[in-house]
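Listed below are the residues making up each chain.
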Amino acid sequence: MKHRKRKRIIKLVFVNLVLILVCVLTFVPILYAFSVSVNEQNSLLSSDFSFIPKKMTFENYRKVFTEEPVIMWFQNSLFLAVSTVVISLGTGIPAAYIFSRRKFPGRNMILQLLILLYAFPSLLSMTALYKLLSPMGLINTKMGLIIVYTGTMAVFALWNMKGYFDTIPVEIEEAAMIDGASPIRIVQKIVLPLAKPTVAVTAMMVLIYVWNEYIFAINFMTGEHTYTLAAGLYSLQANETSGSWPVFSAASLMVSVPILIIFFALQKNMASGLTSGGVKG
């Protein structure tokens, strides 16, 4: 018994050490970017670069908000992200519930077709999407990007939510029907509270996708005032001189803060499970 307990402790210590090492390795690029952002001299590519700058300054963070249109890019990304999340969940959740609970002709074929379309690389469809949106005047507009993003993430939301709805026992809904609850009330008061953790995870995944998406943003948006954060950050690095590296690093760190805040705000919902959802419902 003692030998087994000792073996379990050694295994636990080893796993924790490996996880700590992974966390440290993951944190290195963030420390590198922070070091560059507070470096008074642009020594990014020089041989004397160190993680602790000889001369530190937070002037680059001031430049992010005063000399670059980062606020405008932030507003564009926020609008696109919120719109895509609302539309994707607003269409994906009802569709996922119908596909999970109803049996109708062609159901499996539609599901297979949707997963096939989702697996198709979006980069290969860029030319086709451009030709479809261009005659409608949706190129270089937020609406055009919302259509592209929603077309991708609504399918993801459908499949992600359907998998969770499949795990919810049908008997819970049948018991509510016997008590006289309408289908809409069952969904509102029973199904959605149970699915709250998955809804939070799905919304977070959609938000991260839109926030970090670069390919469509840089090709479908041609004006600086229409850039998203990802496209705008690339323009900082590509168009400015080498002196923009500290500003670029500062901006990269600043735009990641909202995602971190949202992640920690939703962490409780992400960690909660089906049982706690059932108790709350």
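### Concerning the packing of aromatic side chains
- Under the criterion given, the structure shown has 10 aromatic pairs.
- Between the aromatic rings of Trp73 and Tyr227, the centroid separation amounts to 6.5 Å while the plane-to-plane angle is 55 degrees, which identifies the pairing as tilted. Of the two residues, Trp73 sits in helix α3 (residues 70-101) while Tyr227 sits in the loop between α10 (215-220) and α11 (229-239), which places them 154 residues apart along the sequence. Tyr227 carries the same exposure label as Trp73, and that label is buried.
- Ring geometry for Phe263 and Phe264: centres 5.6 Å apart, planes at 75 degrees, overall edge-to-face.
- The exposure class assigned to Phe263 is partly exposed, which follows from its relative accessible area of 32%.
- Under the relative-accessibility criterion, Phe264 is labelled exposed at 54%.
- An aromatic cluster of at least three residues, connected via ring pairs, comprises Tyr130, Phe216 and Phe220.

### Some remarks on the pattern of salt bridges
- One pass over the full model with this rule turns up three salt bridges.
- A salt bridge links Arg62 to Glu59; the shortest N-O distance between them is 2.2 Å. Separated by three residues within a single helix, Arg62 and Glu59 lie in helix α2 (residues 59-66), roughly one turn from each other.
- With a relative accessible area of 32%, Glu59 lands in the partly exposed category.
- The salt bridge partner of Arg101 is Glu173, with a shortest N-O separation of 2.8 Å. With a gap of 72 residues between them, Arg101 in helix α3 and Glu173 in helix α7 (residues 170-178) connect regions that are remote in the sequence.

Here is what the cut-offs are and how they apply
- Residues numbered from 1 in each chain as written.
- Predicted model: local features only at pLDDT ≥ 70, side-chain atom pairs only at ≥ 80, totals over all residues.
- Heavy atoms only, no water.
- Phe/Tyr/Trp six-rings, centres within 6.5 Å; stacked < 30°, edge-to-face > 60°.
- Helix = DSSP H or I, 4+ residues; strand = E, 2+ residues; numbered from the N terminus.
- Buried < 20%, exposed > 50% of the residue type's maximum accessible area, 1.4 Å probe, protein only.
- Salt bridge = Lys/Arg side-chain N within 4 Å of Asp/Glu carboxyl O.

That's the geometry; what it means functionally is another story.
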